[in-house]
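Take a look at the letters that make up each chain.
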Amino acid sequence: APTSLSDPLNWRGSTFTAGSWVYAISTGWVTGTAYTVKARGEDLAGNLQTSLTTYAFTFDASRPGSSITTPENGKQYKSLPAIAGAASEGVSSVAENQVLVQRQLDSFYWNGSTWQFSGSDLYNLLAGGGVWTLSIPATHYTDGGIYSVKSRAKDTPGNLTSPPASAAFTWDVSSPTVVISTPLASGFYNGMTTITGTTNDVSADTQTVSVVLQQNFVLFQYWDGNTWQGTETFLPAVVFSGSPRTWRLSVLATAYVDGRGYLTKARAFDNTLPSKNETTTPTNIWIYDITLPLSTSTMPLNGLTYTAITTLAGTASDPLGVGPLTSEVQKVELRLRRVAPPAYWTSGLVFDGAAPAETWVLAGGTTSNWTYTGITWTEANYELNVRAFDRAGNLQASYVPPISFTVDPTPPVSAATSPVSGTFAGTIPVIYGTAFDPPPGSLLDVRLKIRRNTDNYYYASGISWGAAVTTQTAAATVAWSYSGLAAGSLATGTSYTVMPWARDQAGNEEVAGTS
């Protein structure tokens, strides 16, 4: 008998056991090739079966293909009516489709009706054929949850797809968040070349942020990146990675006009299918302000001398006022310098000789009427500077030049030197004396009382004397004189007392003494 498998008359012996037979062929099969098996029996007497048994089949050792068409790998979905895919088989046919869906949060598997734990992969068995679908109700997905899908096919001989097709997706039904960090609502800014903010999404995949910049109050126009025009324009911002993500939109410095109000809003889209989730921020209204504030001092005033100053005081203002928002002074700062020995007043409430020249302290009171108290004064010359900041951060271009003033709490002293006490004068005398005010004080004047000792009357004028105390004024110098006694005002043999006292520029006044 022929011995080749390719010979159509290849008869082979088989292993026969109790009514059944087996013939083993382990090699030589070709996938996709049709084969015919014919069988006949022979008994112990040598008789052969004349009616042959015939069986035809096709050999198929190839694995079927499987693919996932929905969801797309790595995408986000807010609606997924069905997980779907396709299967292919080139020799036989697809007998069964098998689909696995696993929830990443806890590694549970979908069993067709709920999520359950399984120690091994749990596939849902679907009908055979070239396409398949598996539906999971939306209520069984968790916002922000990540899900893995695997699919494989089984053909009629029992071959399985290997490896299975796979995809992962994120369930995302919430809109992304978007926040404008700068500018803030109702804020004042002296520069805004970069509008910034943050954005976030449960799937960490915010796709797009765009920003509207609008002129407000006066001209309702929109910035298109180069000029102002009448159509609302969303400008794409640059989005950076991170959590939350940050975004930035650059704007030309020449876009802004001093004192004008502007409106900003931002919009964010995520990458969700079948349509994007969207969020738009509330509108921020803010003011562009490069107008400088002003400030003055009302106490002390330049060039004056004071015995003491309880409260430094002054005014401050910002000329800018726009629409419903009005710029205003944010704060007032002072720099107080003692000239000698040199020192600056510090926030530690002391004059510090080692403090740097840029030592400023914050004034109190209101932003329009500032005050400062608590200074410990010594007799010295001082210089005061005042500067104001507005809400946009603008600082006076040239803050108040130094206000020079003197604090002088010490009264001056004086004395009459001629006529000498206890002596006699034969003529109407010119009265001489001295006066002194310790530096940095300066004399204002010297006053004196002339008393007739016989009746304690005081010289008034001419030859007139009276009981009321009358004050005479001498020249305000360290060596003063008085020549105001009139002829006939003095009586022979009568004694008189001169009592001088001095006043300084600070208003300190010597207690009148006897000389």
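Since the structure is predicted, the reported quantities are computational estimates derived from the model, not experimental observations.

Q: Would you explain the overall build of the protein chain in this entry?
A: Counting its secondary structure elements, the protein chain contains 0 helices and 46 strands. Relative to the 2.2 N^0.38 estimate, which gives 24 Å for 515 residues, the radius of gyration of the protein chain is 53 Å and therefore markedly larger than a compact globule would have. The buried share among the 515 residues of the protein chain stands at 38%. Within the protein chain, the 35 negative side-chain charges are centred at a point lying 1 Å from the centre of the 27 positive side-chain charges.

Q: Sorry if this is basic, but what is going on with the environment of Phe436 here?
A: As for its position among the elements, Phe436 is in strand 40 (residues 431-436). Judged by its relative accessible area of 47%, Phe436 falls in the partly exposed class. Each C-alpha atom, one on Phe436 and one on Phe240, is 76 Å from the other, the two residues being 196 residues apart in sequence. Residues within four places of Phe436 in sequence aside, it is in contact with Pro412, Val413 and Leu443.

Q: What should I look at first to understand the sheet that holds strand 35 (residues 364-365) in this one?
A: Note on sheets: strands pair through backbone hydrogen bonds, and any given pair is parallel or antiparallel. Strands sit in the order 28-30-36-35 across an open sheet of 4 strands; the sheet is antiparallel. The outermost strands of the open sheet, each flanked by one partner alone, are strand 28 (294-299) and strand 35. Pairing geometry for strand 35 and strand 36 (residues 369-373), over 2 bridges, is antiparallel. Residue pairing for strand 36: Gly365 is matched across the bridge by Trp370.

Q: It is not clear to me how the side chain of Ser295 should be interpreted in this structure. Could you clarify?
A: Here Ser295 lies in strand 28. Within the local environment of Ser295, its side chain forms a polar contact with the side chain of Gln396, the two groups lying 2.5 Å apart.

Q: It is not clear to me how the packing of aromatic side chains should be interpreted in this structure. Could you clarify?
A: Each pair of aromatic rings is reported with the distance of its centres and the angle of its planes. In total, this model carries 28 aromatic pairs according to the counting rule given. For the ring pair Trp29 and Phe59, a centre distance of 5.6 Å and an interplane angle of 15° mean the geometry is stacked. One end of the pair, Trp29, is in the loop between strand 2 (20-22) and strand 3 (34-39); the other, Phe59, is in the loop between strand 4 (53-58) and strand 5 (65-70), and 30 residues separate them in sequence. Taking relative accessible area as the criterion, Trp29 reaches 30% and is therefore assigned partly exposed. Looking at Phe59, the relative accessible area reads 24%, which means it is partly exposed. Following the ring pairs from residue to residue traces out a cluster consisting of Tyr77, Trp110, Trp115, Tyr141, Tyr147, Phe169 and Trp171. In this structure, Arg152 packs its charged tip against the face of Tyr123, placed 3.9 Å from the ring centre. The ring of Phe234 has Arg267 sitting right over it, with the charged end atom 3.6 Å from the ring centre.

Rules and cut-offs
Residues numbered from 1 in each chain as written. Predicted model: local features only at pLDDT ≥ 70, side-chain atom pairs only at ≥ 80, totals over all residues. Heavy atoms only, no water. Helix = DSSP H or I, 4+ residues; strand = E, 2+ residues; numbered from the N terminus. Rg over C-alpha atoms; globule rule 2.2 N^0.38 Å. Buried < 20%, exposed > 50% of the residue type's maximum accessible area, 1.4 Å probe, protein only. Lys, Arg positive; Asp, Glu negative; His and termini not counted. Charge placed at Lys NZ, Arg CZ, Asp CG, Glu CD. Contact = heavy atoms within 4.5 Å. Pairing = 2+ DSSP bridges. Polar contact = N/O pair within 3.5 Å; in protein donor to acceptor, adjacent residues only side chain to side chain. Phe/Tyr/Trp six-rings, centres within 6.5 Å; stacked < 30°, edge-to-face > 60°. Lys NZ or Arg CZ within 6 Å of the ring centre and 35° of its normal.

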